[in-house]
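Descriptive analysis of the structure
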Amino acid sequence: MTLTSVDNQNNTELHVVQPTVPYEEIHSIKAIECETDDDPDDKKLIKKLDLHLIPTMTFLYLLSYLDRVNIGQAKIDGLMETLPLTSAQYNACLSVFFATYVAFEIPSNLVLKKMRPSRWIPMIMVAWGIVMTLMGLVSSYGSLLACRLLLGAAESGLFPGAAFYLSSWYKRRELSWRISILFSAAALAGAFGGILAFAIGKMNGIGKQEGWRWIFYIEGILTVIVGGIAFFLINDFPSDRPKFLTEEECNRTIARLQNDAGPGAGEHFSWKQVKAAFTDWKIYIFCLCYIGIAEPFYSLSFFSPTIIQSLGFKSYQAQLMTAPPYAFSFITTMTTAYFSDRYARRAVFIVFWLLITIIGFIILIVVQNSYVKYLAIFLTAGGISPCIAICITFLSGNISPHTKRATALAFMISVGNSGGAIGGQIYRSQDAPRFILGHAINLGFCVLGLITAIILFLKLRVENRRRDRLYGLVSNVNTETNLVSMSEKKIVVDVCGLGSEEDRKRWGYEHMTEEEIRDLGDKHVGWRYIV
C-alpha cells in the first residue's frame, strides 16, 4: 500500500509504503519525525476527528453503561419486592451479566476488525436496547436472569470495540484524553442515572406499571432509537476512506498513525498476531492490573445507591446523592487524562489514584460517622474512575501490531470485567449497614492493581533502557528510523521498521521475511514503551 502527499513548498512527494523498498535505490537513511502537536494541519485534522468520532462513541457508551447499571436504581425503586427476589438472587442477576459479557468480548473485537464498525456497533446496540426494553416485562427471577445474560452478550462488543476503534484513529500520546472522554460517560451515567431514575420512578402507576419497569422501558427504547441513528453516524477505519475526510486527510491520518506506531506497524489481519497476544507476558500483568481496578469500580456502580441508603438516607435521597460522587469522578477522570497525555505518563497516575481509593475504602471500614463515610465514597469513586481509562490507554499504546492490540485489548477488558461478576456478590444484605466484607474485598483488589501497575512500570522501563543500550537511543517516541529514497524528489518512508540490509544485520533480522518483521510489533528493537 502506498500513500502519497505533496509538499508544495519543496515540490516533493511523500510516499509512505509498507512493501519492500529496493535497496539499490536508497540514497540515504535518516530519522523522519512525524508532525508535532504544533503543526497547524495536524491540529486541524485532530479537531475534525474529535468532532466526528468522539461525541458519537461517548454517547453510545453512556447509554451502554446506563443500561448496565440501572438495575441498581430499579432495586431501591421496588424491583426486589415486586418479583420478588432474595438478596442472593438479586446478586446473581448482577453477576450473570458478566458471564456472557466476558465470553463474547474477544470474538466481538475480531468481528469488528473484519467487519465495518458502522454496521457492527449499531447492530449490537439495537440488540441490547431490545433486551433492556424487555426487562421491563419480567415477572420472575428466571426471566430477569435470562435478560441479564442476553444483555451481557449484546453489550460485550461496545467498550472494547470503541477503545480499539479510537486507537485506530489517534496516535499513542493522543489516546488517553480521548478514551477518558469515552469512559467519562460511565461517570456521567453514575451522576445522572440516579437523577433520571428518580424522575422516571415518579411514573409509578402509569399504565398499571411499577416505576422500576418504566426505567427499563424508557432507557431501552431510547437505546434502540439511537442505535438505528448510529448506522448513519459511525465512521469506519481510516483505511476505509470515510466520507468526512478528504483523500489528503485520509492519507495524512494513516501516515501519522504508521509513523507513530513505528517498527512493526503492520495492519493486516494475522492469526499469528492473535497468538502473539496470548503469549506475551505483559498481557497477563495488564489483566491483573485491570481486574484490580474493574472489580471495585463495578461493585461501586452497582451498590453505591444501597451503600448510601445504608448510611441512613431514604431511597429517593440515596438516588439523588449518588450524583455528586460521580460528578467528582468525571472531573478526576478528565483532569488525569489531560496530564497523562501531556506528560506521556500512565503508571504513575494509576498508582496515585489507587492509593487514594485505598484510603477511601479504609475509611469506609474503620469509620462509623455517616458524613465521613459519604466523603469516603467521593474518594473511592473519584479515585477508581481515572484508573480504568488510563489502564486501557496504557495497554493500547504499548501493544502492536493492529490485530495483536485488538486481541490483547479485548482479552484484558474481558478478564477485568470478570471482576464485575465478583463485584455483584460482595455487598450482601446480611452485612448491612457497614458492609465490611465488601469494602475489604474491594480494598484487596485495589492493592492487586497497585502492585501490578508498579511491576509494569519497572519492567517496561528496564526494557526501554535495555534497547537503548543495545540498539541506540530513540530521541522521540514518535521518531523512528525509516528508509528514504530521494530519487526524482520522491521520499519513500519505511514505517514498518523493515530497515536496510545493514539495519537488519544490526537488529538480527537478516533472515526474517517482511511479514515476520511487521508482525514483531512492540517486540521490534526500535519500539519504545510509554510508561
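What comes next concerns the included structure. Model, not experiment: these values are computed from the prediction.

Criteria and thresholds
Each chain carries its own residue numbering, running from 1 in the direction its sequence is written. Reporting of local features is limited, given that this is a predicted model, to residues whose pLDDT is at least 70; pairs of side-chain atoms are given and counted only at 80 or more, and all residues count toward the totals for whole chains, interfaces and linings. As a rule here, side-chain values come from all non-hydrogen atoms in the structure, and water together with hydrogens is ignored. The way it works is that DSSP assigns letters per residue, a run of H or I at least four long becomes a helix, a run of E at least two long becomes a strand, and they are numbered from the N terminus. Residue exposure (1.4 Å probe, protein chains only): buried if accessible area is under 20% of the type maximum, exposed if over 50%, otherwise partly exposed. Throughout, a contact is declared for two residues whenever any of their heavy atoms are within 4.5 Å. Using the Shrake-Rupley algorithm and a 1.4 Å probe, accessible areas are obtained, with residue cover drawn only from the displayed protein chains. A pair of cysteine sulfur atoms is labelled a disulfide when the two atoms are within 2.5 Å. Here, expected helix span is obtained from the residue count minus one, scaled by 1.5 Å. Throughout, the bend at a residue refers to the angle made by two axes, fitted to the seven residues ending there and to the seven starting there. Only the stretch in contact is used when a helix axis is fitted, and all axes are lines through C-alpha atoms; the angle between N-to-C directions ranges over 0 to 180 degrees. What sets the label is the angle itself: under 35 degrees gives roughly parallel, over 145 gives roughly antiparallel, 65 to 115 gives roughly perpendicular, and the rest give oblique. Handedness of a crossing is defined here by the sense of rotation of the near helix relative to the far one, left-handed for an anticlockwise turn of less than a right angle and right-handed for a clockwise turn. Basically, the charged four are Asp, Glu, Lys and Arg, the nonpolar ten are Ala, Val, Leu, Ile, Met, Phe, Trp, Tyr, Cys and Pro, and anything else, Gly included, counts as polar. By convention, a stacked pair of Phe, Tyr or Trp rings (six-membered ring in the case of Trp) has centres within 6.5 Å and planes under 30 degrees apart, an edge-to-face pair has planes over 60 apart, and any other such pair is tilted. Note on criteria: charge over ring means Lys NZ or Arg CZ within 6 Å of the ring centre, with the direction from the centre no more than 35 degrees off the ring normal. Cavities and pockets were defined on a 1 Å grid built from protein atoms only: a cavity is a group of points that admits a 1.4 Å probe but offers it no way out, a pocket is an open group of points flanked by protein on both sides within 12 Å along at least five of seven lines, and a lining residue is one with an atom within 4 Å of any such point. Grid points are joined across faces, edges and corners, and a volume is the space filled by probe spheres set on the points.

1. A word on the overall build of the chain
Summing up its helical and strand segments, the chain has 18 helices and five strands in all. A burial count over the chain gives 59% of its 531 residues as buried. Of all intrachain contacts in the chain linking residues separated by at least 6 positions in sequence, the fraction that spans at least 24 positions is 80%. With an accessible surface of roughly 20600 Å², the chain has 63% of that area assigned to carbon and sulfur atoms.

2. Things to note about the side chain of Ser176
With respect to the helices and strands, the residue Ser176 is situated in helix H6 (residues 172-201). Take Ser176: its relative accessible area is 0%, and that puts it in the buried class. Apart from residues lying up to four places away in sequence, Ser176 is in contact with Ala337, Ser340, Asp341, Arg346, Ile390 and Thr393.

3. Here we look at the environment of Tyr61
Within the secondary structure, Tyr61 sits in helix H1 (residues 40-82). Judged by its relative accessible area of 1%, Tyr61 is buried. Sequence separation between Tyr61 and Glu155 is 94 residues, and the spatial gap between their C-alpha atoms is 9.6 Å. Every residue in contact with Tyr61, bar those within four places of it in the chain, is listed here: Arg68, Leu158, Phe159, Leu182, Phe183, Ala185 and Ala186.

4. Quick look at the state of the cysteines
All told, the structure shown has zero disulfides when counted by the stated rule. The structure places no disulfide on Cys446, whose sulfur is separated from the nearest cysteine sulfur, that of Cys387, by 7.9 Å.

5. Notes on helix H10 (residues 281-309)
Counted at 1.5 Å a residue, the expected span for H10 with its 29 residues is 42 Å, and the 43 Å between its end C-alpha atoms agrees. Where H10 bends most, the angle comes to about 60 degrees, and this point is Phe303, followed within four residues by the proline Pro305. By the criterion of burial, H10 is predominantly enclosed, with 25 of the 29 residues buried.

6. Description of the environment of Asp280
Turning to its location among the elements, Asp280 is positioned in the loop between helix H9 (271-278) and H10. Asp280 sits in the buried class, given a relative accessible area of 1%. Each C-alpha atom, one on Asp280 and one on Lys523, is 9.7 Å from the other, the two residues being 243 residues apart in sequence. The contact partners of Asp280, leaving out residues within four places of it in the chain, are Ile399, Lys404, Asp522 and Lys523.

7. Considerations on the packing of H1 against helix H7 (residues 211-230)
In contact at an axis separation of 8 Å, H1 and H7 are set at 165 degrees when each is read in the N-to-C sense. Judged by the angle between their axes, H1 and H7 are roughly antiparallel. When the axes of H1 and H7 are compared, the crossing they make is left-handed. Listed contacts from H7 to Phe59, Leu60, Leu63, Leu66, Asp67, Asn70, Ile71, Ala74, Asp77, Gly78, Leu79 and Thr82 of H1 are Gly211, Trp212, Arg213, Ile215, Phe216, Glu219, Leu222, Thr223, Val226 and Ala230. Split into classes, the residues belonging to the contact of H1 with H7 amount to 13 nonpolar, five polar and four charged.

8. Remarks on the packing of aromatic side chains
Per the stated rule, a full pass over the model turns up 32 aromatic pairs. Ring geometry for Trp169 and Phe244: centres 5.9 Å apart, planes at 35 degrees, overall tilted. Of the two residues, Trp169 sits in the loop between helix H5 (158-167) and H6 while Phe244 sits in the loop between H7 and helix H8 (247-261), which places them 75 residues apart along the sequence. The class for Trp169 is buried, based on a relative accessible area of 0%. Residue Phe244 is classed as buried on the basis of its relative accessible area, which comes to 12%. With centroids separated by 5.3 Å and ring planes inclined at 90 degrees, the aromatic side chains of Tyr374 and Phe378 adopt a geometry described as edge-to-face. In this pair, Tyr374 and Phe378 are both assigned in helix H14 (residues 370-396), four residues apart and thus about one turn of the helix distant. The burial state of Tyr374 is the same as that of Phe378; both residues are buried. Each residue in the set Tyr61, Tyr65, Phe97, Phe98, Tyr101, Phe159, Phe183, Phe297, Tyr298 and Phe302 is aromatic and connected to the rest through ring pairs, giving one cluster. The aromatic ring of Trp281 is capped on one face by Lys459, whose charged end is 5.3 Å from the ring centroid.

9. Considering helix H2 (residues 87-114)
Helix length check: H2 (28 residues) gives 42 Å between terminal C-alpha atoms against 40 Å at 1.5 Å per residue, within 8%. Along H2, the sharpest kink reaches roughly 40 degrees, centred on Glu105 and followed within four residues by the proline Pro107.

10. Concerning empty space enclosed by the protein
Inspection of every chain in the model, using the stated rule, returns two cavities of 30 Å³ or more. Computed from the structure, the largest cavity encloses a volume of approximately 120 Å³. Of all elements in the fold, only H1, H6 and H10 reach the threshold of two or more residues within the lining of the largest cavity. The greatest single-element share of the lining of the largest cavity, amounting to six residues, is contributed by H1. Here the lining of the largest cavity is composed, by residue class, of six nonpolar, nine polar and one charged. Lining the second largest cavity are Tyr61, Tyr65, Arg68, Phe159, Phe183, Tyr290, Ala294, Phe297, Tyr298, Ile388 and Asn417. For the lining of the second largest cavity, the secondary structure elements donating two or more residues are H1 and H10.

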